[in-house]
Structure formats: structure tokens, C-alpha cells
Amino acid sequence: MKLNGGDNPQGPTTQRRRDDDGRSPWWLEIMKELFVVGALYTLYKLGRQLAVGQEHLARANARVVHTLEDQLGLPSGAPIQGWFTDGTLHLANVYYVTAHFPVALTFLIWGFTVRPRVEYVWARNLLLVQTFLALILHITLPLAPPRMFPEWGFRDTMERIGPSAYDGASATISNQFAAMPSLHVGWAVLFAVVVARTAAPPLRVLAGAHAAITMLVVIVTANHWWSDGVVAVALLGIALCIFPGPGRGRSRSLLTGRRPDPSRRGARTRGSDAVH
């Protein structure tokens, strides 16, 4: 005799507690994601603050990076700043100060509310891994930005023109010596990669433009070295090695947000045995 609800021993009531793709109730999903994003923000804030007070070491590391980039033949950002008017540099400062977190929040909300669950969780996991690795470098490798070296021709556009990321409310989560790697660049490239693989062409163009503009902005405002962006993208590469794509990775249940279903695992095992 079959139980009420067909072959499902839990019955139809329990079955309705989850969406068709195995997700928990919507309100529980929202609470879980708010906790994850809140933890990411707290980690971001605390990790960057741990690097405060290391100006001497940060300046010494900057001299090493400057020499290395010069030996590699990378163009100095100082003459590039001269290509732009003060009005354009002001806009670049505004973009640097205001776009970073709102774009990230918009990306996460879009992924959670519009995209399939498996795509959202993949993107969120990439963001977690990349940010965690970046914060390790922020703590262990404090680095002064180019704008602190006028002797090399760099202009501090935030101090001279404004607005500054290190004044007012933003100063509570900002650390001037956490330049390596640039999460402005890292996150922007991550968004572009995810959108390119999961969204329609108009959004791909928009995300790609944001990544390109962000890379230009961090250079012309002298907030980052070229190396900061390169390392940030390399950390994204590590995250992609762990989570290559939606529904793929070292922990499928982590990626999909589902608990493993023993009955399905047993069915797959029986099917495999039948083939062999």
C-alpha cells in the first residue's frame, strides 16, 4: 500500500515546504543570505582594519612594487593622470567612492531574485573565496597606494579634488594601506565573468564596461598599482578553480544550497550498478 502523497514517505505537506528545486522556504533563504552577506561585510571591515598602523612597512612594500612594475615595463600611472582634466578626475573619484558597494549589493540582489539558485550560489561562493583570500593579503602585505608618492609624479586626486574615500562615514571601513589586491578591480571582474556566463548580452556589456571603467579609475586616481588589479584577478582564478561553474565544485550541496538527498543518491547507485 502506498503512503498518502505517493512514494514520498514524508507526505505532500512536507513536500510543499520546499520549492520545486529543493530550496528551503523563501524567508529562510533570505535570512541565510543576509547572514552570509553580513558575515562577508564584517570580515571585510575587520580584516582591513587589522592592517592599520603599518605605514612604514606599507611604504617599503610600495617601493618594491614600484621597482618591480618598472622592471616589467608596465606603464606608470603618473603620466596617465595627466591625460585627464580635474573635472574628469573628480568624476573618477566619485565612481571609486560610490560605485563599489552599491554595485556589489545590486549584483547579489539580482542574482538572488532573478537568476536560478545554482547560478546565484556559484557567484556568491566566488565572491566569498576571492574576498577571503584578498583579506589575507591585506593583513600580511600592507601596501601604500601610488598617490602617497608625489616624488614619483603621482597626484593624490582625492585630497586635491575630492571626494575622498577616507573621510566621513567611509573612513570607518577604509584602510589606505590595504591596496594589495584591489577588490574594486577584483569584484568588478568577478561580476563581469558571472554575468558573461549567465545573463543576456545587454547585461554582459554593462558588466564588462563596469570592470573596464573600474580598472581605469583605480589607476587615474592613483589608488592602486597595476599589480593590485592583476593579483585580484589571479585570486578570482583560484576561486574559479574551486568553483568552475554553476553546479560544479568540491561540494555540490554547498553550491546548490540543497541538502543531499539519500534516496536520489541510492537511485543513482542502483542505476550505476545496473549498467555495470
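Our structure is the block above this text.
(A) A look at the environment of Ile109. Take Ile109: it is sitting in helix H6 (residues 100–113). With a relative accessible area of 48%, Ile109 lands in the partly exposed category. Sequence separation between Ile109 and Glu33 is 76 residues, and the spatial gap between their C-alpha atoms is 9.9 Å.

(B) How the structure looks around the packing of aromatic side chains. Inspection of the entire model under this criterion finds 8 aromatic pairs. Here Phe112 and Tyr120 contribute two aromatic rings whose centre-to-centre distance is 5.5 Å and whose plane-to-plane angle is 75°, an arrangement assigned as edge-to-face. Both residues of the pair, Phe112 and Tyr120, belong to the buried class. Arranged with centres 5.7 Å apart and planes meeting at 80°, the rings of Phe154 and Trp225 form a pair that is edge-to-face. One end of the pair, Phe154, is in the loop between helix H7 (117–140) and helix H8 (157–160); the other, Trp225, is in the loop between helix H10 (201–220) and helix H11 (226–242), with 71 residues separating them in the sequence. Relative accessible area serves as the criterion here: at 5%, Phe154 is assigned to the buried category. An aromatic cluster of three or more residues is present, and its members are Phe149, Trp152, Phe154 and Trp225. Cation over ring: Arg59 sits above Phe149, and NZ or CZ is 5.3 Å from the ring centre.

(C) Here's a closer look at the side chain of Thr131. By secondary structure assignment, the location of Thr131 is in helix H7. In terms of polar contacts, Thr131 uses its side chain to reach the backbone carbonyl oxygen of Leu127, at 2.7 Å. Beyond its immediate chain neighbours, meaning those up to four positions away, Thr131 contacts Leu40, Tyr44, Leu183 and Trp187.

What counts, and where the lines are drawn
- Residues numbered from 1 in each chain as written.
- Predicted model: local features only at pLDDT ≥ 70, side-chain atom pairs only at ≥ 80, totals over all residues.
- Heavy atoms only, no water.
- Helix = DSSP H or I, 4+ residues; strand = E, 2+ residues; numbered from the N terminus.
- Buried < 20%, exposed > 50% of the residue type's maximum accessible area, 1.4 Å probe, protein only.
- Phe/Tyr/Trp six-rings, centres within 6.5 Å; stacked < 30°, edge-to-face > 60°.
- Lys NZ or Arg CZ within 6 Å of the ring centre and 35° of its normal.
- Polar contact = N/O pair within 3.5 Å; in protein donor to acceptor, adjacent residues only side chain to side chain.
- Contact = heavy atoms within 4.5 Å.

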